Amino acid sequence: MSKFLNNKLFRYLAVFLFLNSAILPVKSSSALAAWALKTNGVLELRTKSNTNLKAYFQKANQIYGDRFWVDFPGELKNPRTIKGNGPIKEIRLGKPSKGKTRLVVEFKEETYLAPLTWKMVGLDQNRWRIKLFTPKYSFTKIGEGFVEKRIRNLKKDQSSKYMRKTVHNYLQLPNVKQNKFSVVIDPGHGGPDPGAIGIGGIRETDVVLEVSKIVKKLLSEKGVKVKLTRKNEVNLDLPPRVSFANNTNADIFVSIHANASRGKRRDINGLETFYFRGWRGRLLAKKIQKQILRVSPGSPDRGVKQGRFYVIKNTRMPAVLVEIGFLTGRLDARRLEKAAHRKRVAYAIAKGILEYLYKVG
Ligand SMILES: [Zn+2]
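Predicted model only: the values in this text are computed from it and were never measured.

**Description of the overall build of the chain**
Scanning the chain from terminus to terminus reveals seven helices and 18 strands. When the 361 residues of the chain are sorted by exposure, 52% land in the buried category. Sequence-distant contacts in the chain: of pairs separated by 6 or more residues, those separated by 24 or more amount to 75%. Accessible area for the chain stands at about 17,400 Å²; split by element, carbon and sulfur atoms hold 51% of it.

Structure representation (structure tokens):
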């Protein structure tokens, strides 16, 4: 992957579509011919043929809500803003730089989005489709021009290149040898022990169980054997978690937790990962810490530390305990209560694990 992708991963989920490398001269008019955001949450685009599109997603910040945008070659004549409805705040058509056109879809606050599942699909040489959301309430179509109109001026032999093509580089997790590794994921707490209780009653046990299950799914898809120490709300004491891991002969053990600060201070946020011993444990902790920080911009890096937690001290394989944020912290709690963020954290942990296995295994 390009450096750009690595650096901006998650903050800018890039959907790169290289259907044709023809680049339009700066002076040419916008390659965007028509667009429509339909009642089912699907954005359809019609462009000039031979167009390179780049699509991005950025999480909400203080200034903007969640934003999805697509850059097109060719310069837009008249920048404009179109009022949204339903989950859409507004749609802006702009000129981010000379010779470019940008279509921005800005969402209202608290909209449930799952950008990790988004795929931009090329329907043919000049039409594109991406599902952005599932409307919970009625949503009125917004758009300009006719997206259905087709241009049939391409040579026939090129058409195969324009077959349905789904490219989602941002989902790329490192590949490791299939069926070689086994990992134990330990969702902290459970049952009568809810762990930390955060702002609005959010419970650690629920958050970490969900994240752990997604990590399991992502790793399984890469051919890694994964076992969870608990699959539901059961109380499992610490010694059985450890003996479970030791008995399965797992390559690594990852315990997933969320933090609470003393006095439930809302200004304390941040991520940290603990290991107990060995360079392998430390390396695994570093890989995971790096990835979870990437998906949690603004949340402090509390570092990779040595810790004496029971589960990482008594497991025989490289073991880490990751704290994915403070449920009592304003910034972290707001994020962790969102399913889309929990998914990103799970993805980050899976990525850290795979990078470790790739390097050490
Ligand atoms: Zn905990």
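**Some words on the packing of aromatic side chains**
Inspection of every chain in the model, using the stated rule, returns six aromatic pairs. Taking 5.2 Å as the distance between ring centres and 85 degrees as the angle between the ring planes, the aromatic pair formed by phenylalanine 57 and tryptophan 118 counts as edge-to-face. Of this pair, phenylalanine 57 sits in strand 4 (residues 53-58) while tryptophan 118 sits in the loop between strand 8 (100-107) and strand 9 (120-124), placing them 61 residues apart in sequence. Assessed through its relative accessible area of 1%, phenylalanine 57 is described here as buried.

**Looking at the coordination of the zinc ion**
In an ideal octahedron of six donors the angles at the metal are 90 or 180 degrees, and in an ideal tetrahedron of four donors they are 109.5 degrees. For the zinc ion, the full set of protein donor atoms is His189 (NE2), Glu204 (OE) and His257 (ND1), at a range of 2.1 to 2.2 Å. Taken in sequence order, the residues that donate to the zinc ion follow the motif H-x14-E-x52-H. Taken together, the residues span a long stretch of sequence, with histidine 189 in the loop between strand 13 (182-187) and helix 2 (204-221) and glutamate 204 in helix 2 at a distance of 15 residues.

**Considerations on the packing of helix 2 against helix 7 (residues 339-360)**
Interhelical geometry of helix 2 versus helix 7 gives an angle of 50 degrees and a closest axis separation of 8 Å. Relative to helix 7, the element helix 2 lies oblique. Our pair here, helix 2 against helix 7, has a crossing hand that is right-handed. The residues of helix 7 that touch helix 2, namely those facing Val207, Glu210, Val211, Ile214, Val215, Leu218 and Leu219, are Arg342, Lys343, Val345, Ala346, Tyr347, Ile349, Ala350, Ile353 and Leu354. Broken down by class, the residue content of the contact of helix 2 with helix 7 amounts to 13 nonpolar, no polar and three charged.

**Remarks on the environment of isoleucine 353**
Here isoleucine 353 shows up in helix 7. Taking relative accessible area as the criterion, isoleucine 353 reaches 0% and is therefore assigned buried. Residues isoleucine 353 and valine 183 lie 170 residues apart in sequence; the distance between their C-alpha atoms is 9.0 Å. Isoleucine 353 has contacts with Val183, Ile185, Val215, Leu219, Ile252, Val254, Leu284 and Ile288, leaving out every residue within four places of it along the chain.

**With respect to the side chain of arginine 92**
Position of arginine 92 relative to the elements: it lies in strand 7 (residues 88-94). In terms of polar contacts, arginine 92 uses its side chain to reach the side chain of glutamate 106, at 2.7 Å. Setting aside anything within four residues of it in sequence, one finds arginine 92 in contact with Tyr64, Arg67, Arg80, Thr81, Arg102, Leu103, Val104 and Glu106.

**Topic: the side chain of histidine 257**
Looking at the element boundaries, histidine 257 is found in strand 15 (residues 252-259). Reaching out from histidine 257, the side chain makes a polar contact with the side chain of glutamate 204 at a distance of 3.0 Å.

**Some remarks on the pairing of strand 18 (residues 319-326)**
Among the eight residues in strand 18, eight count as buried, and that is most of the element. Looking at chain direction, strand 15 and strand 18 are connected through six bridges and run parallel. Paired with isoleucine 256 across the bridge in strand 18 is valine 322. Where strand 16 (residues 271-275) lies against strand 18, four bridges are found, and the strand directions are antiparallel. Residue threonine 273 lies in a different strand from strand 18, and its bridge partner there is valine 322.

**Some words on the sheet that holds strand 16**
Reading across from one edge, 14-13-15-18-16-17 is the order of the six strands in this open sheet, with mixed pairing throughout. The outermost strands of the open sheet, each flanked by one partner alone, are strand 14 (225-228) and strand 17 (301-306). Averaged over neighbouring strand pairs, the angle between their axes works out to 20 degrees when direction is ignored. Sheet topology places strand 16 next to strand 17; five bridges connect them, and they run parallel. Residue pairing in the sheet places tyrosine 275 in a bridge with glutamine 306 of strand 17. Across the sheet, helix 3 (residues 238-248) lies against strand 13, strand 14 and strand 15, angled at about 170 degrees from strand 13, the strand it touches most. Here helix 4 (residues 278-294) sits on the sheet in contact with strand 15, strand 16, strand 17 and strand 18, set at roughly 165 degrees to strand 16.

**With respect to the environment of valine 224**
Position of valine 224 relative to the elements: it lies in the loop between helix 2 and strand 14. As a C-alpha pair, valine 224 and valine 183 span 41 residues in sequence and 7.2 Å in three-dimensional space. Those residues within four positions of valine 224 in sequence are excluded, and the remaining contacts are Val176, Phe181, Val183, Leu219, Leu354 and Leu357.

Parameters at a glance
- Residues numbered from 1 in each chain as written.
- Predicted model: local features only at pLDDT ≥ 70, side-chain atom pairs only at ≥ 80, totals over all residues.
- Heavy atoms only, no water.
- Helix = DSSP H or I, 4+ residues; strand = E, 2+ residues; numbered from the N terminus.
- Buried < 20%, exposed > 50% of the residue type's maximum accessible area, 1.4 Å probe, protein only.
- Contact = heavy atoms within 4.5 Å.
- Areas by Shrake-Rupley, 256 points an atom, 1.4 Å probe, with all protein chains shown as cover.
- Phe/Tyr/Trp six-rings, centres within 6.5 Å; stacked < 30°, edge-to-face > 60°.
- Donors = N, O, S within 2.8 Å, 3.2 Å for Na, K, Ca; no water.
- Axes fitted to C-alpha atoms, helices over the stretch in contact; angles between N-to-C directions.
- Parallel < 35°, antiparallel > 145°, perpendicular 65-115°, else oblique.
- Left-handed = near helix turned anticlockwise from the far one by under 90°.
- Nonpolar A, V, L, I, M, F, W, Y, C, P; charged D, E, K, R; others polar.
- Polar contact = N/O pair within 3.5 Å; in protein donor to acceptor, adjacent residues only side chain to side chain.
- Pairing = 2+ DSSP bridges.

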